[in-house]
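Residue-level listing of the chains:
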Amino acid sequence: MTAETKSAEITKIQELIYELKIEQIMTREVVTVAPENTIAELKTILKTRRISGTPVLQDGKLVGIVSIEDLIGALEVGEKDALVRDRMTRNVQTIYADESVVQAVNKLTQYGFGRLPVVDRQGRLVGILTRGDIVRGLLKQMEVEYHEEEIHRYRASHIFEDIVSDQTGLVLRYRVKAKDFTHGGEASSKVKRALERLGAQPPLVRRVAIATYEAETNLIIHADNGGEIIVEIMPEQIRVIALDNGPGIPDIEQALQPGFSTAPDWIRELGFGAGMGLNNIQACADKMNLSSKVGVGTRLEILFHLK
Amino acid sequence: MTLKEIAHRLSLQIRAGETELGREVTGGYASDLLSCVMARARRGNIWVTLQAHPNIVAVAVLLELAGIIITEGVEPEPATLQRAQVEHIPILTTVRTTFTVVSELAQLGVKGVD
């Protein structure tokens, strides 16, 4: 594993340890012992249950915790008949079930413990959390998230087969605000993701994404009140329509000349308005129709054939 | 060549997307005009530019670029870094000029799209 992939996974895990709650990953069936159990009994329990420590309960109340280290310590001095109460740790660090996993990670690291009893807000023991539980919980969650995305993709890619009509289509609508460069590209990014989920081929996704981005950018730069992007996805074609209600283009032929731009300097300084947007759209599309009326608005239609 | 190696060899500052530095760079493109980038840059390319506003991230996402190098000490806007982090787009910065960066990339074997 290279350092880079390792750091990528660590970040995903960092995200998860904040999201996941302890109750989602803890072990609920807790093996416990009583203070009156002997060290020999403790040894049998740890051995048969294959665990390395257990909380000590008295009348249902958590009074201590005892680990394999305590057991070894007792056996070393030949005290197998000693009682758990004399060997256990009394000052027990616990964690709440509704806390994030990150709290447990911090506590385990801080104290060097192998396990933490989990209690509810009333102080009742509801589970136990070991380092192993954390690793298993994280791996399971990562698998679940991966699987969910797979299901999304599968469902989306079968939509046209699952739904039968004479003409099935999917319509996506996006509002685009005037002069809002900060959110520019969001509509096209969403269109891109939708097409990926629908199982479209990468070269087609790229063409639609570029054309939609340019259409979206034109609405941001030029349309007085912003506009709308409508994407119609059908089995045989994709149609992207950009609509606005002004100011309108006085000379469409001129607008289509590469490098022709009416964008003000401040917009050009941002790298927009180079007069290439419509040409980029034409290069990506199978067909482009542009109609406009000054004072009324502009309609740009971009077609992509799928078959 | 990975982004990480490039960042190291060119002493670039890593400002966002540090988890994605293992990406293999397929080539390079340099321009400050977004439509030129949209038209010419290829998937997996590194993009060298002076632009630092959030829209560069959208461009990189749509084209699936490997990352963006912002030159001449231009400070990326906070919104740019934030969006880059969310979209997993590495943003690298340097005080050197676009020309210098591109020539160094070329020496490392990163080629243009043409």
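Residues numbered from 1 in each chain as written. Chains lettered and ligands numbered in written order. Predicted model: local features only at pLDDT ≥ 70, side-chain atom pairs only at ≥ 80, totals over all residues.

### Brief notes about the sheet that holds strand E4 (residues 115-119) of chain A
Strand pairing within a sheet occurs via backbone hydrogen bonds; the two strands may be parallel or antiparallel.
Residue and element names in this part refer to chain A.
Next up, step 1: Pairing within the open sheet is mixed, and its three strands lie in the order E3-E4-E5. The open sheet has two edge strands with one neighbour each: strand E3 (95-96) and strand E5 (125-130).
Next up, step 2: Note: E3 against E4, two bridges, orientation parallel. Looking at the pairing, Ile 95 lines up with Val 118 of E4. (Pairing = 2+ DSSP bridges. Helix = DSSP H or I, 4+ residues; strand = E, 2+ residues; numbered from the N terminus.)

### Brief notes about the sheet that holds strand E10 (residues 297-305) of chain A
Residues and elements named next belong to chain A.
Next up, step 1: What the five strands build is an open sheet, ordered E6-E7-E8-E10-E9; its pairing is antiparallel. In the strand order of this sheet, the two ends are held by strand E6 (170-176) and strand E9 (287-293), each with one partner. Averaged over all neighbouring strand pairs, the angle between strand axes comes to 10°, with direction disregarded.
Next up, step 2: Seen against the sheet, helix H9 (residues 186-197) touches E6 and strand E7 (227-233) and runs at an angle of roughly 160° to E6. (Axes fitted to C-alpha atoms, helices over the stretch in contact; angles between N-to-C directions. Contact = placed C-beta atoms within 7 Å.)

### Let's talk about the confidence of the model for chain A
Where the model shows low pLDDT, its predicted coordinates should not be examined in detail.
Next up, step 1: Within chain A, residue pLDDT values average 90, and 96% of them lie at 70 or more.
Next up, step 2: Low pLDDT (under 50) marks residues 1-5 of chain A, which in the prediction has seven contacts with non-local residues, meaning those over four places away or in another chain. (pLDDT = per-residue confidence, 0-100.)

### Let's talk about the interface of chain B and chain A
Next up, step 1: Taken together, the 23 residues of chain B in the interface contact 26 residues of chain A.
Next up, step 2: For the side of chain B that touches chain A, the secondary-structure elements that each account for two or more residues are helix H2 (34-40) and helix H3 (55-63) of chain B.

### Digging into the environment of Pro 264 of chain A
All names here are of chain A.
Next up, step 1: Tracing the backbone through its elements, the reader meets Pro 264 in the loop between helix H11 (252-255) and helix H12 (265-269).
Next up, step 2: We classify Pro 264 as exposed; it has 10 C-beta atoms within 10 Å.
Next up, step 3: Taking C-alpha positions, Pro 264 is 9.1 Å from Ile 221, a pair spaced 43 residues apart along the chain. (Buried ≥ 20, exposed ≤ 12 C-beta atoms within 10 Å, placed from the backbone.)

### Section: the nonpolar core
Next up, step 1: One finds Ala 211, Ala 215 and Val 240 of chain A together with Trp 47, Val 59, Ala 60 and Ile 68 of chain B to be the most contacted residues of the largest nonpolar core, which totals 66 residues.
Next up, step 2: Per-element accounting of this core gives the leading share, ten residues, to helix H10 (residues 202-222) of chain A.
Next up, step 3: Excluding its chain neighbours within four sequence positions, the residues that come into contact with Ile 68 of chain B are Trp 47, Thr 49, Ile 56, Ala 60, Ile 89 and Ile 91 of chain B.
Next up, step 4: Among the nonpolar cores identified, the runner-up in size contains 13 residues, and Ile 25, Met 26, Ala 104 and Ile 128 of chain A belong to it. (Core = buried A, V, L, I, M, F, W, Y, C linked by C-beta atoms within 7 Å.)

### Some points on H10 of chain A
Next up, step 1: For H10 of chain A, which comprises 21 residues, the first-to-last C-alpha distance of 30 Å matches the rise-based estimate of 30 Å (1.5 Å per residue) to within 8%.
Next up, step 2: Where burial is concerned, most of H10 of chain A is hidden: 17 out of the 21 residues are buried. (Expected span 1.5 Å × (residues − 1).)

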